[in-house]
Amino acid sequence: MCETRNRFVGLEPKKRVEALEDIDRRDFILFCTTIAATLGLEASWVPKIAEAVERAARKPSVIWMHFAECTGDSEAFIRSSYPSTEELILDILSIDYHETLMAASGEAAEEALRLAMEENDGKYIAVCEGAIPMATPPGPNGKPGDYLRVGGKTGIELAREVCGRAAAVMCVGNCASFGGVQAQYPNPTGAVSISKATGVPTLNISGCPHNVVNSVATIINFLLLGSLPKADKLGRPLFAYGKRIHDTCPRRAHFDAGQFVEEFGDEGAKDQWCLYKVGCKGPQTYHNCSSVEYNDGTSWPIKGGHGCIGCSEPQFWDNMSPFYERLPNIKLPGVEATADKVGLTLVGAAATGAAAHATYTLLNRKKFDETLKDDEGEE
Amino acid sequence: MTAGTSALKGNEEVYLVVRTRSIFACAIHWIVFCSVIVLAVTGLYIGNPTFYFGKGEPYQAFAMADMRFYHFTAAAVLIASFLTRFYLAFTDSCNKDIKQFLPTPRNVINAFKLAFNYGLGGGKHLAYRYVNPLGGIGIFGMIVFITMLAGTGLLMYAQGGNPNSFWYSLCSSLTIMIGGIQNVRVIHHLSMYFLFFTVIIHIYMQIWKNIVFTESDISSIIGGYKIFPYRDIGHFADYYGIHLDDAPPSREEMDRASTPMKDAE
Ligand code: HEM
Ligand code: HEM
Ligand code: SF4
């Protein structure tokens, strides 16, 4: 299968149409239906989606860039078979540059990028994967952005070049969208999101990795209407990030019933009770995992018995941890404590203070009585 | 308006009954009190559901759903009564008391004097017809913390809303400014504990004052009047034209003292 995948990168449009004809009609309609459902469209849209996909002429050119990341999003993308086969995904798009998929390497690869950008200048979709390190490495020769160089250019330069000339920039994965794990404390490489590094607004298909259904649906949306889908304040498309995981979670009934897993492996866990008390961040996380699931609708963390860790939210590694507690800790200089500890200390202090003052009053009752008498009071 | 004297232990122990706030304002205090208790109990449950479990099949049990329902209902009551109280602070017939709650320089200075006076028992005892400046500072704190609780609570509540609405985008912008929903939740928790802190001191101080000094502040929040020993009214005598001398004030003077003031402080 791996070889067939590479076959499609850089193919001429006509050849791609031929390849599309190989695909089973049933699979194809199933794919269109999945996309319609993901986008929240009704069944009458399915033929329109099919038509938009089949119209080869409007296939958008895609330049897929890798920055500081683990290639997890490319992995997710090429492993998906639902929406249908990987051929189909690659066929909706004309992927003209993709470092891990293309055969070319070295100078030939750099040339391919230059060509791809020139041929479709201002018209291609830049898909970005990975964060941009902005910091300067220590040492006499360090320059800003040196932590990431591809073909002699820093990540910052590459990102500005490619994103600046794109019709639209789509970030896949949390790193490109918000900086990801490497942007978390203490962030040694100064990693930031694509939009922060380039100043170009991006559409963020966040997640770790992102769900392929969502990136493909975004592209179909682009094919269908010629525009990117409506996004939330963080640039995430609302069709996928408009509701929290908790809002449609299959364990939600147990949440409302007050039936919680107390620790992994207990009776509640076996009965698939709600994972709220073992740190599930579903109530804080916008994503459509609970309806589309991952890997062809196979499973997703909560279905597998583990709480959500909020991987589609900004700075999730810092903000959503500890992953097995509900609230983040409070970091005061020198100490780290839970909010409840800080609070109970406060309450304890107030109660102790009151008790101490009451004792003082009892012992010094006379003093207060005296002040009562001494009251030629004016203000 | 209530006015009366009662001669206890001879002429010196004359008591003055004065109106301090309308019955409406008193009622709101206790509505706020009740809703805060409900919010604290249900909120602590929502944060860590331990003391009440849903037994049976999920469709038979609604422990968490119930608690959240009570939390949101009490929150609505709290917000509505707080807004009404805010309006009353400017328009109340007996006491337009907004200035008594704000930490103006004058209030802060007087609060320090009182803190010394109440805390250690030194200095002059100052009686106040309305909220005293030390109490006022504490009340200001409670107002701030309740506002923060309501604000962060509404931000969390808005999360489940319609993502196309104006309200939703307003709240999500604010949430992003605060640094994410987890920070909002931490602030909700911390504001709660700061509120508990101030409330404990508030309650202790009111009860303590009631016992140690003769002025009865608690009746001021239940019935809306305070009872002062006549000799304590010195520092606000000027307001009412009561002249302090050995003789108790006349009935007429008493009545005047008890009439609502046009402009509090
Ligand atoms: C959650 C609990 C409480 C909160 C949030 C609270 C809040 C307040 C606020 C905002 C005021 C000033 C505004 C007004 O006139 O309504 C006030 C006044 C007052 N509260 Fe509370 N209160 C609480 C509990 C209590 C309790 C349990 C008592 C009884 C011991 C009490 C006694 C008083 C008194 C006596 C005043 C009037 C002070 C004066 O007129 O100088 N409060 N409280
Ligand atoms: C004295 C006032 C209040 C107290 C003591 C209080 C306390 C709490 C606590 C301890 C939690 C648990 C937080 C968590 O871990 O998720 C909570 C949750 C919450 N509170 Fe409050 N709260 C108060 C007022 C309000 C108000 C005025 C609102 C306004 C709507 C509000 C809305 C919420 C919401 C939406 C949640 C999250 C519930 C959920 O995720 O299911 N609260 N509250
Ligand atoms: S498992 Fe998580 S997302 Fe699902 S209902 Fe429980 S808290 Fe919500």
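As a starting point, this report considers the structure included with it. Treat the numbers as computed from the prediction; the structure is a model and nothing was measured. Per chain, the residues get numbers from 1 upward, laid out in the order the sequence is written. Chain labels run from A onward and ligand labels from 1 onward, assigned in the order the entries are written. Predicted model: local features are reported for residues with pLDDT of at least 70 only, side-chain atom pairs are reported and counted for 80 or more only, and whole-chain, interface and lining totals are derived from all residues. The side-chain quantities take in all heavy atoms of the structure and omit both hydrogens and water.

1. Thoughts on the sheet that holds strand 2 (residues 94-98) of chain A
Residues and elements named next belong to chain A. We count it as follows: Strands qualify as paired when DSSP identifies two bridges or more between them. Here a strand is any run of E in DSSP of at least two residues, a helix any run of H or I of at least four, and the numbering for each starts at the N terminus. To define axes, lines are fitted to C-alpha atoms, for helices over the stretch in contact only, and angles between the resulting N-to-C directions are given on a 0 to 180 degree scale. In this description, contact between two residues means that some pair of their heavy atoms is separated by no more than 4.5 Å.
If you walk across this open sheet you meet the five strands as 2-1-3-7-9, and the pairing is parallel. With one partner strand each, in any of the chains shown, strand 2 and strand 9 (203-205) form the two edges of the open sheet. For this sheet, the mean angle separating the axes of adjacent strands, direction not counted, is 25 degrees. Those strands touched by helix 8 (residues 155-164) are strand 1 (61-66), strand 3 (125-129) and strand 7 (168-172), and its axis lies near 165 degrees from that of strand 1.

2. Comments concerning the coordination of the iron atom of ligand 1
All names here are of chain B. Spelled out, the test is: Each metal site lists N, O and S donors within 2.8 Å (3.2 Å for Na, K and Ca). With water left out of the atoms, a site can look as if it is missing ligands. All geometry calls rest on donor angles, where a four-donor set with angles between 85 and 135 degrees is tetrahedral, four- and six-donor sets with opposite donors more than 155 degrees apart and all others between 65 and 115 are square planar and octahedral, and all else is irregular. Think of it in three bands: residues with accessible area under 20% of the maximum for their type are buried, residues over 50% are exposed, and the middle band is partly exposed, with areas taken using a 1.4 Å probe on protein chains only.
Only His29 (NE2) and His202 (NE2) from the protein reach the iron atom of ligand 1 as donors, at distances of 2.0 Å. Taken together, the six donor atoms coordinating the iron atom of ligand 1 span angles of 85 to 179 degrees at the metal, a pattern that classifies the geometry as octahedral. With histidine 29 in helix 1 (residues 23-47) and histidine 202 in helix 7 (residues 181-212), this pair connects stretches of sequence that are 173 residues apart. The exposure class of histidine 202 is buried, given its relative accessible area of 18%.

3. Let's talk about empty space enclosed by the protein
For clarity, the cut-off: The rule is simple: put a 1 Å grid over the protein atoms alone, call a set of points where a 1.4 Å probe fits but cannot get out a cavity, call an open set with protein on both sides within 12 Å along at least five of seven lines a pocket, and count a residue as lining if it has an atom within 4 Å of a point. Grid points are joined across faces, edges and corners, and a volume is the space filled by probe spheres set on the points. In this classification, the charged set is Asp, Glu, Lys and Arg, the nonpolar set is Ala, Val, Leu, Ile, Met, Phe, Trp, Tyr, Cys and Pro, and all remaining amino acids, among them Gly, are polar.
The tally for this structure, following the rule as stated, stands at four cavities of 30 Å³ or more. Put simply, the second largest cavity is a space of about 70 Å³. Of the residues belonging to the lining of the second largest cavity, the class tally is nine nonpolar, two polar and two charged.

4. Points about the environment of A:Asp256
One can find A:Asp256 in helix 13 (residues 252-257). The spacing of A:Asp256 and A:Gly152 is 104 residues in sequence and 56 Å in space, taken between C-alpha atoms. Among all residues touching A:Asp256, those that are not within four sequence positions of it are B:Ala61, B:Phe62, B:Ala63, B:Met64, B:Ala65 and B:Arg68.

5. Quick notes on the coordination of the iron atom of ligand 2
Residues and elements named next belong to chain B. Within the protein, His71 (NE2) and His188 (NE2) serve as the donor atoms for the iron atom of ligand 2, at 2.1 Å. Angles of 84 to 179 degrees at the metal separate the six donor atoms of the iron atom of ligand 2, which places the site in the octahedral class. With histidine 71 in helix 2 (residues 63-91) and histidine 188 in helix 7, this residue pair connects regions lying 117 residues apart in the sequence. Exposure class is identical for histidine 71 and histidine 188. Each is buried.

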